[in-house]
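Descriptive structure summary
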Amino acid sequence: MRYLGRTLVRAILLLAGISILCFLFTEMAPGSFFDELRLNPQVSPETIANLRSRYGLDQPLVVRYGRWVKSAARADFGYSIAYNAPVAPLLWGRAKNTLLLTATGMLLTWLISLPLGVWLAARRGHMLDQAFSIASSFVVSIPEVVIAVALLAIVVRWRLLPLSAGPLHGEGISLRTHVQDLATRMLLPVTILVFVESAIIVRHVRASVLEVLGTPFVQAAHSFGICRARVLFRHVLPAAASPAISLFGFSLAGLVSGSLLIEVICGWPGLGPLILEATLSRDLYLVIGGIMLSALFMVGGNLIADLMLLAADPRIRTGALDAH
Amino acid sequence: MVIWGEWRLDRSTDNLLSIHRLGVTYSQPNGERLRALDEISLELRTGEVLGILGESGCGKSTLANAILGLLPGHARTENGQIVFHDRDLLQLSEPDLRQIRGRTISMISQEPALSLNPVMTVGTQIAEVLRAHLPLTVSQSRQRVTDLLWEVGFDQPARICNVYPHQLSGGQRQRIVIAQAIACQPAVLIADEPTSKLDGPLRSEIMDLLSGLRQNHGTAILVISHDLTLMAELADRIAVMYAGRIVEIGTRREMFLRPLHPYTQALLQLAQSSLVTVPGAKHRFPQIEGESASGVAMQAGCRFEPRCPDRMSICVAHCPPEVAREPARSVSCFKYGE
Amino acid sequence: MANSVRTSEPNHPFLRVQGLSKRYLAGGRWHRRVHMAAAIEIDFEIGKGKTLALVGASGSGKSTVARCVTRLERPDAGQIWLDGRDIAQLSRRDLALVRPGIQMIFQDAVTSINPRFSAAEAIEEPLRIQGKNSSERRSIAEKVIQEVALSPAWLDRSVMQFSGGQRQRLAIARALTTQPKVLVLDEAFTGLDLSTQAQIANLLLDLQAAHALTCLVISHDLTLVTNMADAVAVMSHGRIVEQGSTRQIVRDPKHEETKKLLSSAKTAESQLARRAGASA
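If you're wondering where the values come from, they're calculated on a predicted model, not measured in any experiment.

**Quick look at the overall build of chain C**
Within chain C one finds ten helices and ten strands. Relative to its full complement of 280 residues, chain C shows a buried share of 46%.

**Thoughts on the overall build of chain B**
A tally of regular secondary structure across chain B gives eleven helices and 13 strands. Expressed as a percentage of the 338 residues in chain B, the buried residues total 47%. Taking contacts inside chain B between residues at least 6 apart in sequence as the whole, the part at least 24 apart equals 65%.

**Brief notes about the sheet that holds strand β12 (residues 323–326) of chain B**
Residues and elements named next belong to chain B. In spatial order, the strands read β7-β8-β9-β3-β10-β11-β13-β12; together these eight strands make up an open sheet with mixed pairing. Two strands close off the open sheet at either side, each with one partner strand: β7 (105–108) and β12. Adjacent strand axes in the sheet meet at a mean angle of 20 degrees when their direction is disregarded. In the sheet, strand β3 (residues 49–53) pairs with strand β9 (residues 220–225) via five bridges, with the strands oriented parallel. Within β9, the residue paired with V49 across the bridge is I221.

**Let's talk about the packing of helix α4 (residues 119–130) of chain C against helix α5 (residues 134–147) of chain C**
Residue and element names in this part refer to chain C. Here α4 crosses α5 at 120 degrees, and the two axes come no closer than 9 Å. Considering their axes alone, α4 and α5 lie oblique with respect to each other. Read as a crossing pair, α4 and α5 show a hand that is right-handed. Of the residues in α5, those in contact with A120, I123, E124, L127 and R128 of α4 are R137, I140, A141, V144 and I145. When its residues are assigned to classes, the contact of α4 with α5 shows seven nonpolar, no polar and three charged.

**A word on the pairing of strand β4 (residues 77–82) of chain C**
A regular strand carries its side chains on alternate faces of the sheet. Residues and elements named next belong to chain C. Judged by which residues are buried, β4 turns out to be one-sided: G78, I80 and L82 face inward and are buried, whereas A77, Q79 and W81, on the alternate face, are not. Judged from the two bridges that link them, β4 and strand β5 (residues 85–86) form a sheet pairing that is antiparallel. Note that in β5 the partner of W81 across the bridge is D86.

**A word on the packing of helix α10 (residues 228–253) of chain A against helix α13 (residues 284–312) of chain A**
All names here are of chain A. Viewed as axis vectors pointing N to C, α10 and α13 meet at an angle of 160 degrees, and their least axial separation amounts to 7 Å. The angle between α10 and α13 falls in the class roughly antiparallel. Every pair of crossing elements has a handedness; the one defined by α10 and α13 is right-handed. Counting all contacts with α10, which are made through A241, S242, I245, S246, F248, G249, L252 and A253, the residues of α13 involved are F297, M298, G301, N302, I304, A305, M308, L309 and A312. Along the lines of polarity and charge, the residues of the contact of α10 with α13 split into twelve nonpolar, five polar and no charged.

**Focus on unusual backbone geometry**
One non-glycine residue, A243(B), adopts positive backbone phi at about 50 degrees. Its location among the elements puts A243(B) in the loop between β10 (237–242) and β11 (245–251). For D83(C), which is not a glycine, the phi torsion comes out positive at approximately 50 degrees. Counting through the fold element by element, D83(C) comes out in the loop between β4 and β5.

**Brief notes about the confidence of the model for chain C**
Low-pLDDT portions of the prediction should not be read for the details of their coordinates. Residue and element names in this part refer to chain C. Mean pLDDT over chain C stands at 83; residues scoring 70 or higher make up 88%. Predicted confidence for residues 1–11 stays below pLDDT 50, and this span has 27 contacts to residues more than four positions away or in other chains. Taken over the whole predicted complex, pTM reads 0.79, whereas the ipTM for its chain interfaces reads 0.85.

**A short note on the sheet that holds strand β10 (residues 239–245) of chain C**
Residues and elements named next belong to chain C. Across the sheet, which stays open at both edges, the six strands sit in the order β6-β7-β8-β3-β9-β10 with mixed pairing between neighbours. At either margin of the open sheet sits one strand with a lone partner, and together these are β6 (102–105) and β10. When strand polarity is set aside, the average angle formed by the axes of neighbouring strands in this sheet is 15 degrees. Bridging between strand β3 (residues 51–55) and strand β9 (residues 231–236) involves four bridges; their strand directions are parallel.

**Looking at the environment of I226(A)**
With respect to the helices and strands, I226(A) occurs in the loop between α9 (216–223) and α10. Between the C-alpha atom of I226(A) and that of V194(A), which follows or precedes it by 32 residues, the distance is 36 Å. Those residues in contact with I226(A) that sit more than four places away from it in its chain are A221(A), V231(A), E128(B) and A132(B).

**What about the nonpolar core?**
Grouped together as the largest cluster of nonpolar side chains are 153 residues, with contacts concentrated most on V188(B) and V223(B). Ranked by the residues each element gives to this core, the list is headed by helix α8 (residues 175–213) of chain A, at twelve residues. Both domains that meet at this core, namely domain 1 (2–87) and domain 2 (91–313) of chain A, each give it at least three residues. Residues contacting V188(B), with those up to four places away along its chain left out, are L16(B), L17(B), L44(B), T104(B), I105(B), A220(B) and L222(B). If you look at the next biggest cluster of nonpolar residues, it comprises 79 residues, including F285(B), M104(C), F189(C) and V232(C).

**Section: the interface of chain B and chain A**
The partner chain A presents 18 residues to the 25 residues of chain B that form the contact. Elements represented by at least two residues in the side of chain B that touches chain A include exactly α2 (94–100) and α3 (122–133) of chain B. Looking at the side of chain B that touches chain A residue by residue, the classes come out as eleven nonpolar, nine polar and five charged.

**A closer look at the pairing of β6(C)**
Residue and element names in this part refer to chain C. Alternating positions in β6 separate into two faces, I102 and M104 on one and Q103 and I105 on the other, with burial throughout. As paired strands, β6 and strand β7 (residues 182–186) are joined by four bridges and run parallel to one another. Its bridge partner being in β7, I102 is matched across the sheet by V182.

**A few points about helix α6 (residues 164–176) of chain C**
Residues and elements named next belong to chain C. Here α6 is 13 residues long and its end C-alpha atoms lie 19 Å apart, about the 18 Å a rise of 1.5 Å per residue gives. Most of α6 sits inside the fold, with twelve of its 13 residues counted as buried. Among all positions in α6, only G165, Q166, R167, Q168, R169, L170, A171, I172, A173, R174, A175 and L176 are buried. Packing partners of the buried residues in α6 comprise β6, α3 (109–112), α4, α5, β7 and α7 (194–211).

**A short note on the confidence of the model for chain B**
Overall, the predicted model of chain B reaches an average pLDDT of 83, with 90% of residues at or above 70. Residue range residues 5–13 of chain B is modelled with pLDDT below 50. Its contacts to residues more than four positions away, or to other chains, number 14 contacts.

**What about the environment of S223(A)?**
All names here are of chain A. Mapping S223 onto the fold places it in helix α9. Exposure remark for S223: the 25 C-beta atoms within 10 Å place this residue in the buried category. Residues S223 and I112, spaced 111 residues apart in sequence, show a C-alpha to C-alpha distance of 31 Å.

What counts and how
- Residues numbered from 1 in each chain as written.
- Chains lettered and ligands numbered in written order.
- Predicted model: local features only at pLDDT ≥ 70, side-chain atom pairs only at ≥ 80, totals over all residues.
- Helix = DSSP H or I, 4+ residues; strand = E, 2+ residues; numbered from the N terminus.
- Buried ≥ 20, exposed ≤ 12 C-beta atoms within 10 Å, placed from the backbone.
- Contact = placed C-beta atoms within 7 Å.
- Pairing = 2+ DSSP bridges.
- Axes fitted to C-alpha atoms, helices over the stretch in contact; angles between N-to-C directions.
- Parallel < 35°, antiparallel > 145°, perpendicular 65-115°, else oblique.
- Left-handed = near helix turned anticlockwise from the far one by under 90°.
- Nonpolar A, V, L, I, M, F, W, Y, C, P; charged D, E, K, R; others polar.
- pLDDT = per-residue confidence, 0-100.
- Core = buried A, V, L, I, M, F, W, Y, C linked by C-beta atoms within 7 Å.
- Domains from an automatic or database assignment.
- Expected span 1.5 Å × (residues − 1).

Right, dumping it as structure tokens:
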């Protein structure tokens, strides 16, 4: 219990620290939202100065930070200059779409990777295992962007999927059509996500299971006549779970931030395009809001992973740090 | 005394386990085959403790694994039989072997610290062995685990059940492994170096535990070790192995009083000379010259010949056959020819 | 009160330890740390070319002393005089000059030598650190491998092909490459079978005679060390409780711990004699 309390406190301190750093870094970055306007000779400097003071951009850093924290407490998280609206609802609207994509991707990835990793470890040296090793090395070394673009090109070239601008709107569209439409749109980005993530996770699961398979206690279990299947599921997997749990934590951590590039490439209306646009146009609080959301998921995901590890590994639970 | 098991004896003799001329080879990465066991013949009788004495690399662990069919993939048994309950273990299928492992023949391996699963309680690990072989209900299983823990020397079995291996000391972990091995009341227990990683007081405890098993339950024990004091304490008969062959077999008394084979003689001399009663002065140990012959590919003559103080010219070319000197006493050495 | 005994002529101990102490962190929060004393006020001396055995039960602090003497750890207090120079608190840079003179052999040769190396690579490692070129390294390797009674032809074999006892000999060869004056053996014989222990013990005696090596042997096995050592120091709970020449300690033990260690060793011996003679 104390462990939990300590971890929570640390998490909150971490988030606070990240927010301060965000402010510092954006302050150091060149440019501001109004740079374009300034170049326009029809806009007078007074107008710009007014706009600036209206958005509080002329105040010192500390004051701005203080105001932002107050805004956060009101659940607004600042004001977007481009959209002329509070940041939080903007973010959340897009975040829902992103989460739909990444949650589906994560579910599928883990459903495929866990059994595949275990199966490959149990059949080490088999042709399929070797083939997988080669293929996954390949996938892991190519940047995600390249894979995304490549798959997109294939889909377009062979017209595998309908590609239209945005989700269907309007009255009288049944739920079934809506879901079908959604599924078709999600197919490409989810496939890319699953493809890229699985390669990494399967490798780790396989390595960890393989390591446990070679330990004396597994051999001892066999020597006592326990059948192979039971040894695998009841004896090996629990012992091999720790690295997988850490990876699961990473997956959770990346629910918001892991798909930004893919969304941009596939035209999925999630956080990705929004943050990209905000960054390019220096829409300050929107950018900071996006970073904080991402950080929240990161910290939260790791926290959950830590708790799961605590539950899974008795050595951590009983504080078994020997004084040897 | 509660005798375990309803085992039948081999009708022709009263041997529980008979090994006839067993040979095992390993294939090496460079393509050669390494002969790990050569013409091994042994008998284990009901309720006796047979000690296999030999250095590391002589093939003792290979023998233990061969009996239970646990040899790794690159090993091959060539000829030979291992007869148990009128069946040749080498011919059995994997499911049949699984029924025997842990149930009628059990093994304790070398590293107690690593032989237990770190994420399962020790009670669960013992229960797993029970579950694999006996149709017990949950409460029967729990009762049996408690009885076993008590038998191997834990005062508070109920508490120990829920403890994890890392919370126990080395000696306690060794007891848990023994509890797993005797869970199904096996007729034969194979103990592979049960005390080599333990020091002083722990060794005596484990030795007492093992001899208690024999006395209380009539379990036959095959003790594999390089430790002469263990043999002196436990074994009824001792078989000396060198480089994959048995070079001498006899009762404990005879082996210690009148060792025949030069290798046995050298081992005994070494053990006796390193004792404390020799006045504490720095001196050389009586060493057996040369390298121990593990990892030697198939060789024509006697394996011990390069290191033997009594070697003769015939020893280089031919491997000495087993010669029976007295009942239950045999030696493979040309010094004791027909 | 530990009574220290010189194992050589007075005023010329090669390795002298005075008041050595080391504590380890055992837990507690950052504002209230808890320490555990592993070694307390250790005093002993070893003359040039002599062997001192440090014995005691597991956890008595023997390994801590070994690690401090070889400066794998820095002691909290005390002096370590190596050939007249105090190395206890030397900085890392100064220590680099001293290190070749004092080498350690560890308990498990299987884990203290990289199994992926060839024998030559394992032995030459210290030389590579010193910056010697490859032909120099090879000639030194050939010399030391013969000193440990292994064939130079095996230099290119992988370490995995050597048995436990042979790997321990490779570890000794590796230690010899820097021409040390002091060897510290931390439970180097544990886990090896008796004939291998004998081989290595004899090897050390020969090396000691050839190079005037000063040896500190750490073990829980009293039977083994009494045949190898000139003097014995018994440790219990971090302190030396009794010291003396081997003969003295074996014939006339004074402290409880010494008596306890001796009696379990004697039990083994009497078992061997008695049981062997008893009828089967």
